[in-house]
Each structure stands twice: as C-alpha cells, then as structure tokens.
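Listed here are the chains, written in short residue letters.
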Amino acid sequence: MNDSSATASGPPSGAGLTRASIDLSPRSRPVESVVKAGLMGSAMLSVLITFGIIAALIEPVIHFFGQVPFGDFLNTEGTYAVIPLIGGTLVTTFVALVVAVPLGLGAAMYLSEYASKRARKALKPTVELLAGVPSVVYGFFALSFVTPTLLQDILNMQVGFTNALAAGLVLGVMIIPTIASLSEDALSAVPQAMRQGSLAMGANRMQTTLRVVLPAALSGVAAAVVLGLSRAIGETMIVALAAGAQKNLSLDPREGMQTMTGFIAQTAGGENPVGSVDYNMLFAVGLLLFLITLVINAISIAFVRRFRQAY
Amino acid sequence: MTSTTIEYTRESVQAAVSTGRSRDRNTGSLVFLILLWFSLFFGVMVLLVLIVNTAIDGAPRFDSELLTNYDSTLFPEKTGFRAGILGTVWLMVTTAAMAVPLGIAAALYLEEFADGTRWYNRIIELNLQNLAAVPSVVYGLLAVAVMALIGFQRKGIVLGGAIALALLILPVIIITTREAIRAVPNEIRFGSLALGATMLQTTWRQTLPSSIPGIATGTILGLSRAIGEAAPLLLLGIAGAVRFDPTGVLSPTTALPIQIYATTSQSQEAYQQAAAAAIIVLLVMVLALNGLAIFIRNKFQREW
C-alpha cells in the first residue's frame, strides 16, 4: 500500500529522447498477475465467509419457520420460545459488564495515566494473561469455586448449583482484557497538551484523569465497552457449564437460566438428527446471535472512527 | 556545591509538578490510586486463585494414566485424556495448515498490493474488523454447513473441527501478519525495486522474510486461542467419549477442551478431579504456546 507512490511515479511523458535505453512501460508479467489474483482471492475469502455465514444460517432457518410458527419463536414460554434465552443472555451479560467495566477501565487508567513507560511494558501482559485462559476452564472455575466457595460459603447466598450470577462474574473477568486494552489505547491517544493544561490549572492527577482525559477519550472507551459486550454475548462455554440448562425468564441473577449460546452448545452436544426441528432451531438462534453481534460490532467500529477523528 | 544541590531540587520539584504527583497526597487521590492498583492486579489474583483451586481439585489425578488412558465410564478414577490430547494435536496441525497460508496471502494482498481507496478493499477491511468479533459458535454453524456441502454430515471428524477453528483464527492471523508486514521499512522495498526487482520478487525475497518473526508470533497466538475452543467443535458433533486415536484428517476425533467439558458435566467426584487435572494439562499447553510466541518475538524480531 505504502509503496504505490514509488511504482506510480509513472512512465515518462516525453518521447523518450534521453531514456530510450530504459523501458519503463508496464510490461505484462503473467506470473505476477496470477499471484496477485491469488492473493486477492485469499483476501476476498473473508468477505465470502461473511456471506457464507448468512447463507449457511438462512436455509435451516427457513425450514425452521416452516415447522414452527414465528409467534412460537418470539414467545416467552414454550419449547421453541427464544425470549427466555435472550433474557438469560441479558442477565449474564449485565453482570459481566458490572464487573468488567470498572475493573477494565481502572486498569486502563493506571496503565495510561500513572505507569511509567517501563512499568506499562511489564504490567500490560499481566492484564492480558486473563484473555489467554480457555473459556471451558473459566466454566469449570465458576462451577468449582465461584458458586460453592465464593457465593455459597463466603457470601452466604442462596444460589443453586448453576446460576447466572457465577457465570456472569466469570464472564466479566474474561472480558476485562478486551475493555482494558482498547480503553488504554483511547486514553493514551488524548494529547499531552490537555493533561498539561489541566495540571497547570492546579488539578491533581486524579482530577486530570477523571475530568479531562476520560471525557476526551469517551468514544474510544465506549467502543471498548461495546466490544466487551459483544464478547460477553457470544461467549459460550462459561454459560453452557455454569449458567444453567433450563429456560427461565427472570431478572434475578441468583437463579439458573439458559442463554442463547448456552442453548446452542447444550442442544448441539445432544443427539439431534440433521433436519429435525430442534436442530433447525440451533440455526435460528445462531442467526439471531450473529445479527445482534453484527449490530453491536458496527456500533463499536463507528465509535472508534469518532475517536480517531477527534485527535 | 550548594548551588548544584538547589538546582537539583528545583528540577525534581519541576518534574513533580509537571506530572501532578505533588498534589496526589490527599485522601481522595490515594483511594483512587488504590482502586486503580486493585483493578490492575485483580486479574492476576483471579488467575492465581483459579490455578491453585484447580490444582488442588486435580491433585489426586496427577498420574501418567491421565495422559495415556482413554475416557472410561466403568472406572471414573482411571479416566484419561489420551484421545483428547492427540485429537487436539491433530486439530491444531490441520487448522494451521489451512489458516496460515490463507492468512498470510490475504495480509500480503492488503498490505502490499491493495489500493486502500478502492471500495472493494475498504469492504474487506471493514469485514475483517467485524469477523474478528463474530462469536465462535457461529463459526461452528458455518463449518457445519461447509462440511454438509462437501458431503460429511455431523460426524465429528478432524477436518470439520479444523475448518471451524481455521475460520475462527483467520482474522487474528491476518491482522497480526499485516502489522508485521507494515513494520518492515519502505527503504527495503524501494531498494529492491530500484535494483529492478518486480513487486512480487520484492515481496517474496525481501518483505516476507523480514516479517517472518512477527508472522510466527501472530500465528502461534492465534493457535493458542484455537487450542482452548470447545464451542464450535461441539456443533460439529465432536463428542467427549471417543476411545481411539485419530488416524487422519477424516478420522472421528475428540479434543481436550471437549473432553474437559464432557467430564465436568458428570457429577461424580472422580470425574471432577480428572477434569481439574486435565485443565492443568490444557493450561500448560496454552502457556507453552504463549511462551514460544514470546521467545520468538524477543529472539528474532528486529528493531528497524
């Protein structure tokens, strides 16, 4: 991309009086164009994947709505109701954000505003370690530690073996690195002059961070939170193990409830013949999940654009 | 003597004022700073609790049978993860064989050949950003459709799982490879072009070799994400109870995370212990991959 200026300096416009010995006109190079087309094909594959996802989901979904009326799908109860699944996803995601937004933002503010360059280099990987833990491991952690030890023994709460609270808490831990890392980028992008101005007016570092830097970086921080939200909605194994396997439309996170991704994993783990109603419902819920994350990602990308334009 | 001391203090005072550090000593600021420290180290604390808790749970099962036995329903205390570990190795190799060449080719096109102002290249860019955030189960559903197209219904074979994982890590590999290619300074390209090399020769003999450490790091980090994924594999019918070694890409298989999921879902104490011990094995594999990536980055990456 960057070298276009070098190659595009173009053939000489003169009649070639002095440069006749060097031929700078574009020669046809069959191998070059074949390889270039191959590389372009690989890049185009990514677009193909998006269309592939939509195409792959649409066909079983059409079959599904041939078997089950749309009203039964968009219903609060019944075998094919999706509203309780959306409710479960909302509850676990909300708990996750309550954990991850303050902690992720706090880590980001420390790294960007307080840590020295060397400290940042050493500390940032420790935050990102959390992102490397496989989600099935987090699920086991929720079942074997968060619910029995933290919630039942230490906090003395009346919660079942599976509950949305434990799943949401662990989900929140998992998305801390997403929020911290993107927020740090946004905070660091705020011009130094704004900090110096604030400090020169007599503000201390806390006031500068909270009242000058954070508001200036707000759209980037929002993008980070929205991307974390999308990760939390799409995460599967934690909720499949720890949130519960029963549809339960409730706002109480202490209850067990199935989420959209949990439903997909638990149904896929069972024996459902290809083409059956249950099998097709997987794709209907999958399409809904894809569309929800698509919209959320678009919002996040739009936020990022805004903060890039600001400075 | 005295004058230098005074100057020194003045400088340090100025430095302190310019960072605002001198005014940080009130209670509110200190509480705020402590909260920031807490959020920074919260992750490490959770990770420590997780590892210690899991290691204690799995302690009775740190034996060689954990690695060499197959899954057992008759003797839960002797259940092993041999099929899962071998399956995961097969899956990783097949995934890498598919995702790495494609990812590098796409990244090379986007960095070296594509005209970023053309609408179709902008669509590719936007699409990549979006694909990186698509939930992994959705890739599982796509792989199910791809497998159905080439004639394999959900049989839980290596190829199906590898397609899902390759789709999942392709955006990661493309994005990190592009960064590695972008870090190669333009002077190297100009020098090569000025000597009469074509764009392709420049890319193949100069740009690509210079960016290999970065590409390797990105690829390994992508694989370390794929190694722990269970959700897309579940959709492809890859189940926990497989009691034989995979023999090829068309062989039915299981994977370590899937076996952990299946074992965790069993209620007996012995299975919980086995799952905890297997988690330590999985964490060691993930850690080894990450360590390898860091080693390659520190050892081979050049500062231009």
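Residues numbered from 1 in each chain as written. Chains lettered and ligands numbered in written order. Predicted model: local features only at pLDDT ≥ 70, side-chain atom pairs only at ≥ 80, totals over all residues.

### Here's the deal with the overall build of chain A
Okay, step 1: Broken down by element type, chain A carries 13 helices and zero strands.
Okay, step 2: When the helices and strands of chain A are placed in sequence order, the string is α-α-α-α-α-α-α-α-α-α-α-α-α.
Okay, step 3: By the burial criterion, 47% of the 311 residues in chain A qualify as buried.
Okay, step 4: Taking the intrachain contacts of chain A between residues at least 6 apart in sequence as the baseline, contacts between residues at least 24 apart amount to 77%. (Helix = DSSP H or I, 4+ residues; strand = E, 2+ residues; numbered from the N terminus. Buried ≥ 20, exposed ≤ 12 C-beta atoms within 10 Å, placed from the backbone. Contact = placed C-beta atoms within 7 Å.)

### Some thoughts on the overall build of chain B
Okay, step 1: Looking only at helices and strands, chain B features 13 helices and zero strands.
Okay, step 2: Taken from the N to the C terminus, the helices and strands of chain B come in the order α-α-α-α-α-α-α-α-α-α-α-α-α.
Okay, step 3: C-alpha atoms of chain B, sized along the principal axes, occupy 85 × 60 × 35 Å.
Okay, step 4: Looking at the 304 residues of chain B, the share that counts as buried comes to 47%.
Okay, step 5: Sequence separation of at least 24 residues holds for 76% of the intrachain contacts in chain B that already meet a minimum separation of 6.

### Thoughts on the packing of helix α2 (residues 30-67) of chain A against helix α6 (residues 136-149) of chain B
Okay, step 1: α6(B) packs onto α2(A) with a crossing angle of 75° between their chain directions and a minimal axis gap of 9 Å. With respect to α6(B), the axis of α2(A) lies roughly perpendicular. Mapping the contact onto sequence places A:Gly52, A:Ile53, A:Ala56 and A:Leu57 in α2(A) and B:Val138, B:Leu141, B:Leu142 and B:Ala145 in α6(B).
Okay, step 2: Per-class residue counts for the contact of α2(A) with α6(B) are seven nonpolar, one polar and no charged. (Axes fitted to C-alpha atoms, helices over the stretch in contact; angles between N-to-C directions. Parallel < 35°, antiparallel > 145°, perpendicular 65-115°, else oblique. Nonpolar A, V, L, I, M, F, W, Y, C, P; charged D, E, K, R; others polar.)

### What about the interface of chain A and chain B?
Okay, step 1: Each partner contributes residues to the interface: chain A has 74 residues there, and chain B has 77 residues.
Okay, step 2: No other element matches the 18 residues that α2(A) contributes to the side of chain A that touches chain B.
Okay, step 3: Along the lines of polarity and charge, the residues of the side of chain A that touches chain B split into 46 nonpolar, 23 polar and five charged.

### Points about the confidence of the model for chain A
Residue and element names in this part refer to chain A.
Okay, step 1: Chain-level statistics for chain A give a pLDDT mean of 85 and a share of 89% at 70 or above.
Okay, step 2: Across chain A, helix α4 (residues 83-114) holds the top mean pLDDT of 94, while helix α1 (residues 4-7) sits lowest at 42.
Okay, step 3: Across residues 1-17, where pLDDT falls below 50, the model places 15 contacts with residues more than four positions away in sequence or in other chains. (pLDDT = per-residue confidence, 0-100.)

### Focus on the nonpolar core
Okay, step 1: Core analysis: the largest hydrophobic core is formed by 182 residues, its most contacted members being A:Ala142, A:Val170 and A:Ile238.
Okay, step 2: What A:Val170 contacts, discounting residues up to four positions off in sequence, is A:Tyr138, A:Phe141, A:Ala142, A:Val146, A:Ile238 and A:Ala242. (Core = buried A, V, L, I, M, F, W, Y, C linked by C-beta atoms within 7 Å.)

### Observations regarding the packing of helix α7 (residues 164-188) of chain A against helix α10 (residues 218-234) of chain A
Residues and elements named next belong to chain A.
Okay, step 1: Between α7 and α10, the least distance of the axes is 8 Å, while the angle of their chain directions is 155°. For the element pair α7 / α10, the angle class is roughly antiparallel. The hand of the α7/α10 crossing is right-handed. Seen from α7, the contacting residues are Leu 171, Ile 175, Thr 178, Ile 179, Leu 182, Ser 183, Asp 185 and Ala 186; seen from α10, they are Gly 220, Val 221, Ala 223, Ala 224, Val 225, Leu 227, Gly 228, Arg 231 and Ala 232.
Okay, step 2: Here the contact of α7 with α10 is built from residues that sort into eleven nonpolar, four polar and two charged. (Left-handed = near helix turned anticlockwise from the far one by under 90°.)

### Considering unusual backbone geometry
With glycine set apart, most residues show a phi of negative sign, and most peptide bonds adopt trans.
Residues and elements named next belong to chain A.
Okay, step 1: One non-glycine residue with positive phi stands out, namely Asn 156, at about 55°.
Okay, step 2: As for its position among the elements, Asn 156 is in the loop between α6 (135-154) and α7.
Okay, step 3: The exposed category is assigned to Asn 156, around which 7 C-beta atoms lie within 10 Å.

### Here's the deal with the environment of B:Leu236
Residue and element names in this part refer to chain B.
Okay, step 1: Structurally, Leu 236 is set in the loop between α11 (231-235) and α12 (256-264).
Okay, step 2: Classification of Leu 236 as buried rests on a count of 27 C-beta atoms within 10 Å.
Okay, step 3: For the pair Leu 236 and Gly 161, spaced 75 residues apart in sequence, the C-alpha separation works out to 6.4 Å.

### Here we look at the confidence of the model for chain B
Residues and elements named next belong to chain B.
Okay, step 1: Averaged over all residues, the pLDDT of chain B is 85; the fraction at 70 or higher stands at 91%.
Okay, step 2: In the predicted structure, residues 1-6 sits below a pLDDT of 50 and forms zero contacts with residues beyond four places in sequence or in another chain.
Okay, step 3: Interface confidence in the predicted complex, given as ipTM, is 0.86; pTM for the same model is 0.86.

### Observations concerning helix α9 (residues 205-216) of chain A
Okay, step 1: Those residues of α9(A) that sit buried are A:Arg205, A:Met206, A:Thr208, A:Thr209, A:Val213 and A:Ala216. Taken end-on, α9(A) shows its buried residues confined to a sector of 145°, consistent with a single buried face. Away from its buried face by more than 90 degrees, α9(A) exposes A:Arg211 and A:Pro215.
Okay, step 2: Residues of α9(A) that are buried sit in contact with α4, α7 and α8 (192-200) of chain A together with α2 (27-58) of chain B. (Arc of directions from axis to C-beta.)

### Some thoughts on the environment of A:Met44
Okay, step 1: Relative to the helices and strands, A:Met44 is located in helix α2.
Okay, step 2: Residues A:Met44 and A:Val212, spaced 168 residues apart in sequence, show a C-alpha to C-alpha distance of 42 Å.

### As for the environment of A:Thr208
Residue and element names in this part refer to chain A.
Okay, step 1: Residue position: Thr 208 is located in helix α9.
Okay, step 2: With 22 C-beta atoms counted inside 10 Å, the residue Thr 208 sits in the buried group.
Okay, step 3: Between the C-alpha atoms of Thr 208 and Gly 88, which are 120 residues apart in sequence, the distance is 39 Å.

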